[in-house]
Amino acid sequence: MIFVGSAFFVTGTGTDVGKTFFSSLFMAKYARSVGYRYWKPIQTGAKEANDTETVQLSTGLPDSQFLEPVYRFEHPSSPDFAARREGRELDPKRVVAEIAKHRNHNVLIEGAGGVFVPWSNSYLGLGAIQESNLDVVVVTSSVLGTINHTLLTLEVLLSRFVPVVGFYMVGPENELLDDNIKTIQKFGGVSCLGFTSFPTEKLDQTAFLAYAKNNFDTKRMLIDNLLPIEDGN
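Residues numbered from 1 in each chain as written. Predicted model: local features only at pLDDT ≥ 70, side-chain atom pairs only at ≥ 80, totals over all residues. Heavy atoms only, no water.

Caption draft 1: Spatial organisation of helix 6 (residues 146-158). Its 13 residues place the ends of helix 6 18 Å apart at the C-alpha level, agreeing with the 18 Å of an ideal helix rising 1.5 Å per residue. Within the sequence span of helix 6, burial applies to Thr 146, Thr 150, Thr 153, Leu 154, Val 156 and Leu 157. Down the axis, helix 6 shows its buried residues gathered within 160° of arc, on one side only. Seen from the buried face of helix 6, the exposed residues on the opposite side, beyond 90 degrees, are Leu 152 and Glu 155. Where helix 6 is buried, its residues meet strand 1 (8-12), helix 5 (125-132), strand 9 (135-141), strand 10 (164-170) and helix 7 (177-188). (Helix = DSSP H or I, 4+ residues; strand = E, 2+ residues; numbered from the N terminus. Expected span 1.5 Å × (residues − 1). Buried < 20%, exposed > 50% of the residue type's maximum accessible area, 1.4 Å probe, protein only. Arc of directions from axis to C-beta. Contact = heavy atoms within 4.5 Å.)

Caption draft 2: Inspection of the environment of Val 107 at higher detail. Inspection of the secondary structure assignment puts Val 107 in strand 6 (residues 107-110). C-alpha of Val 107 to C-alpha of Ser 6: the two residues are 101 residues apart in sequence and 6.8 Å apart in space. In this structure, Val 107 is in contact with Ser 6, Ala 7, Phe 8, Tyr 36, Arg 37, Trp 39, Leu 67 and His 102, ignoring residues within four places of it in sequence.

Caption draft 3: Examining the packing of aromatic side chains more closely. Evaluation of the coordinates by the stated rule reveals 13 aromatic pairs. Each ring, one from Phe 8 and one from Tyr 36, has its centre 5.9 Å from the other, and the planes form 85°; the classification is edge-to-face. Taken together, the residues span a long stretch of sequence, with Phe 8 in strand 1 and Tyr 36 in the loop between helix 1 (19-34) and strand 2 (37-39) at a distance of 28 residues. Considered together, Phe 8 and Tyr 36 belong to a single accessibility category, that of buried residues. Among the aromatic residues, those joined into a ring-pair cluster are Phe 8, Phe 22, Phe 26, Tyr 30, Tyr 36, Tyr 168 and Phe 216. (Phe/Tyr/Trp six-rings, centres within 6.5 Å; stacked < 30°, edge-to-face > 60°.)

This is the structure:
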């Protein structure tokens with residue numbers, strides 16, 4: 001059974017905090033049962049790491065559950081810098097218009113870096129989040145420094161009336177974990193939607209699907225906040 005919800009943004013507190021890992025887990029657990037598709041509208045660093053391919057290889061999902069990026073750049077940097085390096089121009093309005101076409105469909109939209117990453121010399125990624133007015137899930141790390149980074153990100157979003165569903169923490173399990181979560185919830189004003197640690201070893205598709213099923217969104221706080229009704233699984 002497919003449940004019609006809406007698209008939502010996945011943003012991070014910085015680069016390489018685990019957005020693509022989170023997205024892979026989400027797609028592994030919910031793409032088939034709920035009908036979600038994955039989309040990274042702006043892909044940088046495509047020469048070294050293509051996030052769409054990473055999610056697809058991890059989950060084994062068919063091409064039909066992935067949307068093509070609007071822009072793809074080779075250099076691993078901000079969209080603005082990567083575009084200039086390749087002698088190209090990124091039009092934020094084009095990206096926002098494409099997002100609008102998918103807003104009423106179940107689509108996970110993974111952003112490029114954090115909220116203040118520049119898309120052009122006059123436009124930040126935050127602008128697209130505001131203009132699209134979609135629910136946002138903040139992905140944050142469990143390591144030292146996450147309180148400051150997460151609270152700053154939440155402050156930026158909430159002060160601009162962006163609908164934040166909550167934050168999801170990924171990374172190593174450590175002695176700071178519980179205190180980090182409690183502190184961010186206390187001062188950030190939003191709920192922790194869950195925590196998933198990194199696997200201790202490289203997993204094939206079958207093992208990754210099992211890992212996501214058993215370790216991701218175990219209390220269903222994430223999916224039940226995204227969908228109007230439960231998917232029944």
